[in-house]
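# Overview (structure and organization)
Now for the letters of each chain:
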There are 4 protein chains.
Amino acid sequence: MLVVMKNDATEAQVQAIIREIENMGYRGVPMPGALRTAVCIIGNQGPVDESRLLVMEGVKETIRVTKPYKLVSRETHPESRAIAVGDIKIGGGKPVIMAGPCAVESEEQALTIAHLVKKAGAQVFRGGAFKPRTSPYSFQGLGEEGLKILAKVRQETGLLIVTEATDHTNIELVEQYADIIQIGARNMHNYSLLRRAGHSSKPVLLKRSFAATIEELLMSAEYISSEGNNQVILCERGIRTFSDNTRNTLDLSAIPSIKESSPLPIIVDPSHAAGKRDYVISLSKGAIAVGADGLLVEVHHDPAHALSDGMQSLYPEQFGELMKEINTLIK
Amino acid sequence: MLVVMKNDATEAQVQAIIREIENMGYRGVPMPGALRTAVCIIGNQGPVDESRLLVMEGVKETIRVTKPYKLVSRETHPESRAIAVGDIKIGGGKPVIMAGPCAVESEEQALTIAHLVKKAGAQVFRGGAFKPRTSPYSFQGLGEEGLKILAKVRQETGLLIVTEATDHTNIELVEQYADIIQIGARNMHNYSLLRRAGHSSKPVLLKRSFAATIEELLMSAEYISSEGNNQVILCERGIRTFSDNTRNTLDLSAIPSIKESSPLPIIVDPSHAAGKRDYVISLSKGAIAVGADGLLVEVHHDPAHALSDGMQSLYPEQFGELMKEINTLIK
Amino acid sequence: MLVVMKNDATEAQVQAIIREIENMGYRGVPMPGALRTAVCIIGNQGPVDESRLLVMEGVKETIRVTKPYKLVSRETHPESRAIAVGDIKIGGGKPVIMAGPCAVESEEQALTIAHLVKKAGAQVFRGGAFKPRTSPYSFQGLGEEGLKILAKVRQETGLLIVTEATDHTNIELVEQYADIIQIGARNMHNYSLLRRAGHSSKPVLLKRSFAATIEELLMSAEYISSEGNNQVILCERGIRTFSDNTRNTLDLSAIPSIKESSPLPIIVDPSHAAGKRDYVISLSKGAIAVGADGLLVEVHHDPAHALSDGMQSLYPEQFGELMKEINTLIK
Amino acid sequence: MLVVMKNDATEAQVQAIIREIENMGYRGVPMPGALRTAVCIIGNQGPVDESRLLVMEGVKETIRVTKPYKLVSRETHPESRAIAVGDIKIGGGKPVIMAGPCAVESEEQALTIAHLVKKAGAQVFRGGAFKPRTSPYSFQGLGEEGLKILAKVRQETGLLIVTEATDHTNIELVEQYADIIQIGARNMHNYSLLRRAGHSSKPVLLKRSFAATIEELLMSAEYISSEGNNQVILCERGIRTFSDNTRNTLDLSAIPSIKESSPLPIIVDPSHAAGKRDYVISLSKGAIAVGADGLLVEVHHDPAHALSDGMQSLYPEQFGELMKEINTLIK
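Residues numbered from 1 in each chain as written. Chains lettered and ligands numbered in written order. Predicted model: local features only at pLDDT ≥ 70, side-chain atom pairs only at ≥ 80, totals over all residues.

### Some thoughts on the overall build of chain A
When helices and strands are tallied, chain A shows 11 helices and 14 strands. Principal axes of the C-alpha set define a box for chain A whose edges measure 75 × 40 × 35 Å. In chain A, which comprises 331 residues, the proportion classed as buried is 60%. A separation threshold of at least 6 residues defines the contact pool for chain A, and within that pool the share at least 24 residues apart is 64%. (Helix = DSSP H or I, 4+ residues; strand = E, 2+ residues; numbered from the N terminus. Buried ≥ 20, exposed ≤ 12 C-beta atoms within 10 Å, placed from the backbone. Contact = placed C-beta atoms within 7 Å.)

This is the structure in structure tokens:
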């Protein structure tokens, strides 16, 4: 870390900084410049708590040189991590396709879609039993009944199951029924839920908040890992920007960024980013071409009667086309 | 609501839309234009579920004319709402000043600051016992011990207490000790926590997420109100933008916007927006001049040794100056 | 267009709106709702000037149903437009690759790079003779000498030339030497330059401003077309967001959006978006997979001594790898 | 400047960096850390050209410690600068109020409004003769006829005149007629126009682009100053964000930021930021309370028939109220 002094900082203030750095157990090396002095901290093994320095007299700002996470850092874990679920591996190999409806609506709906996506080549079935909704008046999911339907889908089709836990009241249930526990974008900052997921033996699919930097996403993965669960799959699903042609702006540069900074696998959800069915196939191809380890795609056999997000769900024949295109790309 | 058809939509598709609107219990009136037709929905008393229409053939988009919230809407509740807490009222009168440290660190620290801010004119003491932190390695608050210290502060100074509940494990405790339950920006989308706060008899201070529109903030207030608790105080604390001169960009236009759309009071937290002590006084004056119903300000008697956010905490003498400036503005 | 009245608008105000719409030569149809009335404008052939209505008593807002551009609109020009330059076509066929240094630095530099990119498969050579720079103290380009070098590159290699006109003082020169006139992102709102480009017989490569919506980009293309030049190639090069892992956030959803709204071809500049050499290959593959009509890529044989943007320039061998990967994608 | 090496950088790479720094005429001091080494550059009097270092082997990134501007920097010019125009001073004293219509439409319109704002207390009259418009089909201003009307306004009322130069074809004319040359937000990156304004003897009002950081605004001011014109007045007018309750998000924190970084005066345009008349008064009060050196406000005696931006123009009586409120604030 570098502590930049104000350009009118006194020599006494610089010395006070150096003493404080020594109190913290490190060494402080002054670097006089034309306009001002900076003090470099050396000897630290992990993150330095900058707050004690920032508040001292004469300090302009601090500049971090090292990342604040370590369990999910490529620097400390150079080898890419593949997450094993059932008989598949997410990361490092062929992209894994997760597909299904936004919400589980009925056994018939779930099974119909599951058979269709299985046949087209998906390996994991997605579908929400608990739905976080912006409006208290919208459909909130079938709850445990939905989870039971998901279990039946697995039994009948052999597909693995990923479904969202939205809070402490349902994460234990989700853990029992699901193969992968999804933490949604709105919960990326819900630290008690992250810690709870960190105690699970099941892999966690952690979605990037639409307002989070890559570093913050990795800090949330660090929360999960710091409780012992290293099986974290990251998911880019679009960020909030001024651009209004899609619901969120899909940030595919997150893929090379995360691969550079972290050993964790990263998949892409093009459906929530686009908000429009017609863009999903092209953005999916883009995600795979950029290097995503998988896709999370919404598919519904009857979008016109879907209880949520029908507008962005692919028709089964579109999903079939998507799979064909993806297979062409990766062959 | 207006349903805009694609410009190659057929007459049969338009008729299908009109029939579906009638199935929903409303009337659909076609409006042919030069390039395309739109269908206007009339007769609805509340929000229309657009998802059933968006997925139909020939539909380009829907455009909402009415807001999706009603319990917190100025249209249905024209009169501004003042929230009574202890012997003060928040909203509609003199601005209420809430001040104190980011985190409660010790009884001595809390009492020292409380006496100072009380003397300068604050009416409510702020201080976190449970802290949501981006890093799992940062100080997470004193927990119930912190709440007990806050109770002591109230007893000794007569200040009211606002403190944050970060999840289901601590909201019941916070409710017992606090006069106002704070829901932080990162939890604005934590719907189960919002619902739980909606069952409380205590007023709720709801902070705007740094990525939320005004409408989404009001939808979160609607969640609380829909469970029966109408005592919601909103708080603007900066939004995330490309601009990097402050930690977040304080959006003071939120004040006239919210006052136009909702009867709820709105206060401003300049400390978290600015992230720098030196901007807090000027932004506080701006907030009051624009019409905020109060301020939530960080003050620490010894910022250099604060365990969190020391950099943005005012020194007690700065807070005294702030109070003097505010009093000049509102006299 | 829809004129939404305030919910306390009087009948007389609604009638005044209808009369004003009739004065404008259209018809106004009132649509009474539960809370408020809206008035639909019908009979307009082109964009309606909403400003006269927005300022009338009782009006809450207007909502546009039709787009404000027409010359570059897919609705009025359904067929995709291919722009012919020399013996190539941009749009509708195989992606066109434009490559070269950020700035022309010397004849030797330009020719060296040109031969390398030609050999790897590029069809167009890029290189700036006039450089818009954030700092007045940075290298501003070789000017006409640079253009002469570009002409020599064309003569020696057969590559077509794209280079930027930054203002009225150099657009005439650029027009003489270049095959395609580039208008940079910072000039997308420079309407007098757009109009001047609209008088040219040369195709124009119009880059999206990092702060522009797709609609604004198309409005700027409309400026060029409204002066008679229909040969406009659009270019996505990243938008400004809060996300800090790349210089700008590459918005690949711009591709399906533009293809839906406009017949114009759209290419992608991954170099300026990423700002980092290591991301350029993967983002290029993503752009082509999503459906871009071409790429604009920075390549330098000696990035360590480039006078501008060396950090994001590919090494020649990386460009060779890029071309191989692209050819695999599109075969 | 600090050059941060990759954590696998070799000692030879570090030594190469140090040699290159010495070639540039400075000294390079290595700072070994736990994970990686950084090299500090000392001895530079002005900005260092980081591009030569960024492209070298083993370099991860560079971190600037000093600002890239100097003529408009508070560090090199500690004293606040007041710009004298006619008999007023902008900066350092009482806020200066500039008011008038968006566009000059006729002599009668301009004179009517000018007399009204003069009477209410404005010192400068604003009004566009050349209008940059997003659509080529919108009203583009009266041109030189408009400038002649502005001259008449000055003669009849004694108000000073500020009006916009949109390109090289009109800046010379604007310079002849105006007291202050306005450079609009869309031209903040138009470097040839900035340089031309730098040759003028008239003060320049430079508006912040809706996508510019404070540093970029100051770099544009540096462009003007580097040509010899030190009389630059900055203007905050809202930035583009995801927030949709106003046209742009007014960033009042720009005021303390600019005052910290630069000696230049900064005024605020609340009209373009808000886009809605009803928010203009409250945001104006906020701007003055935060410390703005003036306001630029749109006023129209008949907004319903304004040719542009009528929706955000104050009625004369509202402007009168605004002046009264401002006078209360600053007394």
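Having seen the structure, we can now continue with the description.
### Quick look at the relation of the copies chain B and chain A
After a rotation of 180° and a shift along the axis of 0.0 Å, chain B superposes on chain A with an RMSD of 0.0 Å. Both chain copies can therefore be described as sitting about a two-fold axis. Among all residues of chain B, the one whose C-alpha sits closest to the rotation axis is Ala-211 of chain B, at a distance of 2.9 Å. Mapped onto chain A, 100% of the interface residues of chain B again fall at the interface, so both copies present the same surface. (Least-squares fit on C-alpha atoms with pLDDT ≥ 70 in both.)

### Considering the confidence of the model for chain A
Per-chain confidence: chain A averages 91 in pLDDT, with 97% of residues scoring 70 or above. Interface predicted TM-score (ipTM) for the complex: 0.87; the corresponding pTM is 0.88. (pLDDT = per-residue confidence, 0-100.)

### Describing the domain arrangement of chain A
By domain assignment, chain A separates into domain 1 (2–63) and domain 2 (83–330). Between the C-alpha centres of domain 1 of chain A and domain 2 of chain A there is a distance of 44 Å. (Domains from an automatic or database assignment.)

### A closer look at the sheet that holds strand β1 (residues 2–5) of chain A
Residue and element names in this part refer to chain A. Pairing is antiparallel in the open sheet, where four strands are placed in the order β2-β3-β1-β4. Among the strands making up the open sheet, the edge pair consists of β2 (27–32) and β4 (59–63). Pairwise comparison of adjacent strand axes, ignoring direction, gives a mean angle of 20° for this sheet. Sheet topology note: the β1/β4 ladder contains four bridges and is antiparallel. Looking at the pairing, Met-5 lines up with Val-59 of β4. Along the sheet, helix α1 (residues 11–23) makes contact with β1, β2, β3 (37–42) and β4, crossing β2 at roughly 155°. (Pairing = 2+ DSSP bridges. Axes fitted to C-alpha atoms, helices over the stretch in contact; angles between N-to-C directions.)

### Section: the pairing of strand β11 (residues 204–207) of chain D
Residue and element names in this part refer to chain D. Residue alternation in β11 divides its side chains into two sets, Val-204 and Leu-206 and Leu-205 and Lys-207, and both sets are buried. Pairing of strand β10 (residues 180–183) with β11 involves three bridges; the strand directions are parallel. Directly across from Ile-183, in β11, lies its bridge partner Leu-206. For the handedness criterion, the β-α-β arrangement of β10, helix α6 (residues 191–198) and β11 is classed as right-handed. For β11 and strand β12 (residues 232–236), the ladder comprises four bridges, and the chain directions are parallel. In the strand pairing of β12, Leu-206 is matched with Leu-234. In the classification by handedness, the crossover that spans β11, the intervening helix α7 (residues 214–226) and the parallel β12 is right-handed. (Right-handed = clockwise from strand over helix to strand, strands pointing away.)

### As for the nonpolar core
One finds Val-3 of chain A, Val-3 of chain B, Val-3 of chain C together with Val-3 of chain D to be the most contacted residues of the largest nonpolar core, which totals 452 residues. With near-sequence residues (within four places) excluded, Val-3 of chain D lies in contact with Ile-17, Ala-38, Val-39, Ile-41, Leu-53, Val-59 and Thr-62 of chain D. (Core = buried A, V, L, I, M, F, W, Y, C linked by C-beta atoms within 7 Å.)

### With respect to the interface of chain B and chain A
In this assembly, 34 residues from chain B lie in contact with 34 residues from chain A. Contributions of two or more residues to the side of chain B that touches chain A are made by α2 (51–54), α6 (191–198) and α7 (214–226) of chain B. The element best represented in the side of chain B that touches chain A is α7 of chain B, accounting for five residues. In terms of residue class, the side of chain B that touches chain A is built from 17 nonpolar, 12 polar and five charged. (Nonpolar A, V, L, I, M, F, W, Y, C, P; charged D, E, K, R; others polar.)

### Here's the deal with the relation of the copies chain C and chain A
The operation relating chain C to chain A is a screw motion whose rotation component is 180°, with 0.0 Å of axial translation and a residual RMSD of 0.0 Å. Same-surface contact between copies: 97% of interface residues of chain C are shared with the interface of chain A.

### Side note on the environment of Leu-206 of chain C
All names here are of chain C. Mapping Leu-206 onto the fold places it in strand β11 (residues 204–207). C-alpha of Leu-206 to C-alpha of Ser-138: the two residues are 68 residues apart in sequence and 24 Å apart in space. Apart from the residues within four sequence positions on either side, Leu-206 is in contact with Ile-183, Met-188, Ser-220, Ala-221, Ile-224, Val-232, Leu-234 and Cys-235.

### Section: the interface of chain C and chain A
The partner chain A presents 28 residues to the 29 residues of chain C that form the contact. The set of elements that each furnish at least two residues to the side of chain C that touches chain A consists of α8 (254–261) and α10 (277–290) of chain C. Top element by residues in the side of chain C that touches chain A is α10 of chain C. It accounts for eight residues.

### Some points on the sheet that holds strand β4 (residues 59–63) of chain B
All names here are of chain B. Reading across the sheet, the four strands line up as β2-β3-β1-β4 and stay open at both edges, with antiparallel pairing between neighbours. Each of the sheet's edge strands pairs with one partner strand only, and the pair in question is β2 (27–32) and β4. On average, adjacent strands in this sheet sit at an angle of 20° to one another, irrespective of strand direction. Bridge count for strand β1 (residues 2–5) against strand β3 (residues 37–42) is three bridges, and the pairing is antiparallel. Bridge pairing links Leu-2 to Cys-40 in β3.

### With respect to helix α7 (residues 214–226) of chain C
Residue and element names in this part refer to chain C. Counted at 1.5 Å a residue, the expected span for α7 with its 13 residues is 18 Å, and the 18 Å between its end C-alpha atoms agrees. By the criterion of burial, α7 is predominantly enclosed, with 10 of the 13 residues buried. Listed as buried for α7 are Ile-214, Leu-217, Leu-218, Met-219, Ser-220, Ala-221, Glu-222, Tyr-223, Ile-224 and Ser-225. Packed against the buried residues of α7 are α6 (191–198), β11, β12 (232–236) and α8. Phi turns positive, to about 115°, at Gly-228, one or two residues after α7. (Expected span 1.5 Å × (residues − 1).)

### Details of helix α8 (residues 254–261) of chain D
Within α8 of chain D, six of the eight residues are buried, leaving the element largely enclosed by the surrounding structure. Looking only at α8 of chain D, the buried set comprises Ala-254, Ile-255, Pro-256, Ser-257, Ile-258 and Lys-259 of chain D. The inward-facing, buried residues of α8 of chain D contact α10 (277–290) of chain B together with α7, β12, β13 (266–268) and α10 (277–290) of chain D.

### Description of the environment of His-77 of chain A
Looking at the secondary structure, you find His-77 of chain A in the loop between β4 and β5 (83–85). A C-alpha to C-alpha distance of 24 Å links His-77 of chain A and Asp-251 of chain A, two positions 174 residues apart in sequence.

### Notes on the packing of α10 of chain D against helix α11 (residues 316–330) of chain D
Residue and element names in this part refer to chain D. At a closest axis distance of 10 Å, the pairing of α10 and α11 adopts a crossing angle of 25°. In terms of orientation, α10 lies roughly parallel with respect to α11. Crossing angle aside, the handedness with which α10 passes α11 is right-handed. Contact with α10, carried on its side by Ile-281, Ser-284, Lys-285, Ile-288 and Ala-289, involves Gln-318, Glu-321, Leu-322, Glu-325, Ile-326, Leu-329 and Ile-330 of α11 and no other residues of that element. Considering only residue class, the contact of α10 with α11 consists of seven nonpolar, two polar and three charged. (Parallel < 35°, antiparallel > 145°, perpendicular 65-115°, else oblique. Left-handed = near helix turned anticlockwise from the far one by under 90°.)

### Quick look at the environment of Gly-184 of chain A
Residue and element names in this part refer to chain A. Secondary-structure assignment places Gly-184 in the loop between β10 (180–183) and α6 (191–198). Sequence separation between Gly-184 and Met-5 is 179 residues; the distance between their C-alpha atoms is 41 Å. Beyond its immediate chain neighbours, meaning those up to four positions away, Gly-184 contacts Pro-132, Glu-164, Thr-166 and Lys-207.

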